[in-house]
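Tertiary structure, described
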Amino acid sequence: MKPKVYLETTVVSYLTARSSRDVVTAGMIAQTKRWWTEESDGFELLVSQIVVREASAGDSEAVRRRREVLAKLNTLEPDEEARLLAGVLLRNMALPANAADDAAHIAIAAVNEVDYLLTWNCRHIANASMRPKVEALCLAEGYRCPVICTPHELRKPAHED
């Protein structure tokens, strides 16, 4: 069975983005596209209705490209269990109050026993200073927190021959 990866909205956005003159953005786009081409087949890819909603905002052509990718992926529904865990993350200040969707991404992935949460959101999700508290809160609530990482960090598992 392939490890499960929850794709947060930023990954889908960079995957379908047009090129950028900004060197950092261009690098993130390139790394995301490389990950998609070279690594994604080693994982079961998942999104949530929150990703679908977030990816449906903005420029109509960009929305079309994002929806093409999303249509091929399995979608997790945010349930009451995930809503409760997201509330714990927010209340205990592991994430700021204005990051409710970010808390929900983490909670949905944890509740659904997803192995990895892939994101470029380094402010509220892939944040090394917040990660230990997020992991501890998930564990205290009875969940294993997914490994939170960027496309640059995640490689498909080596196959045993």
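To be clear, the structure that these remarks concern was listed above.
Notes on the structure in this doc start here. A quick note: this is a predicted structure, and the numbers were derived from the prediction, not measured.

Comments concerning the pattern of salt bridges
If the charged atoms of two oppositely charged side chains come close together, the side chains can form a pair. Within this structure, the stated rule accounts for 9 salt bridges. Across the salt bridge formed by Glu38 and Arg34, the nearest N and O atoms sit 3.2 Å from each other. With Glu38 and Arg34 both in helix H2 (residues 23–38) and 4 residues apart, the pair spans about one turn of that helix.

Describing the pairing of strand S1 (residues 4–7)
Looking down a regular strand, the side chains alternate between one sheet face and the other. Where S1 and strand S2 (residues 44–48) come together, 3 bridges link them in parallel fashion. In the strand pairing of S2, Val5 is matched with Leu45. For S1 and strand S4 (residues 116–118), the ladder comprises 3 bridges, and the chain directions are parallel. Looking at the pairing, Tyr6 lines up with Leu117 of S4.

Notes on the side chain of Thr32
As for its position among the elements, Thr32 is in helix H2. A polar contact is formed between the side chain of Thr32 and the side chain of Trp120, at a distance of 2.6 Å. Sequence-distant contacts of Thr32, that is, excluding residues within four places in its chain, are made with Val11, Tyr14, Leu15, Trp120 and Pro151.

Observations concerning the packing of aromatic side chains
Applying the stated criterion to the full structure yields 4 aromatic pairs. Seen from their ring centres, Tyr14 and Trp120 are 6.3 Å apart, and the 80° between their planes marks the pair as edge-to-face. Of this pair, Tyr14 sits in helix H1 (residues 9–16) while Trp120 is found in the loop between S4 and helix H7 (131–140), placing the two residues 106 residues apart along the sequence. The interplanar angle of 55° and the centroid separation of 6.4 Å between the aromatic rings of Trp35 and Trp36 together place this pair among those described as tilted. Judged by relative accessible area, which is 0%, Trp35 ranks as buried. Taking the relative accessible area as the measure of exposure, Trp36 reaches 26% and is therefore partly exposed. Of the aromatic side chains, those joined through ring pairs into one cluster are Trp35, Trp36, Phe43 and Tyr116.

Overview of unusual backbone geometry
Residues other than glycine seldom take positive phi values, yet Glu113 does so here, at roughly 55°. Here Glu113 is to be found in the loop between helix H6 (100–111) and S4. By relative accessible area, Glu113 is classed as exposed at 59%.

Calculation notes
- Residues numbered from 1 in each chain as written.
- Predicted model: local features only at pLDDT ≥ 70, side-chain atom pairs only at ≥ 80, totals over all residues.
- Heavy atoms only, no water.
- Salt bridge = Lys/Arg side-chain N within 4 Å of Asp/Glu carboxyl O.
- Helix = DSSP H or I, 4+ residues; strand = E, 2+ residues; numbered from the N terminus.
- Pairing = 2+ DSSP bridges.
- Polar contact = N/O pair within 3.5 Å; in protein donor to acceptor, adjacent residues only side chain to side chain.
- Contact = heavy atoms within 4.5 Å.
- Phe/Tyr/Trp six-rings, centres within 6.5 Å; stacked < 30°, edge-to-face > 60°.
- Buried < 20%, exposed > 50% of the residue type's maximum accessible area, 1.4 Å probe, protein only.

Keep in mind these values describe shape, not function.
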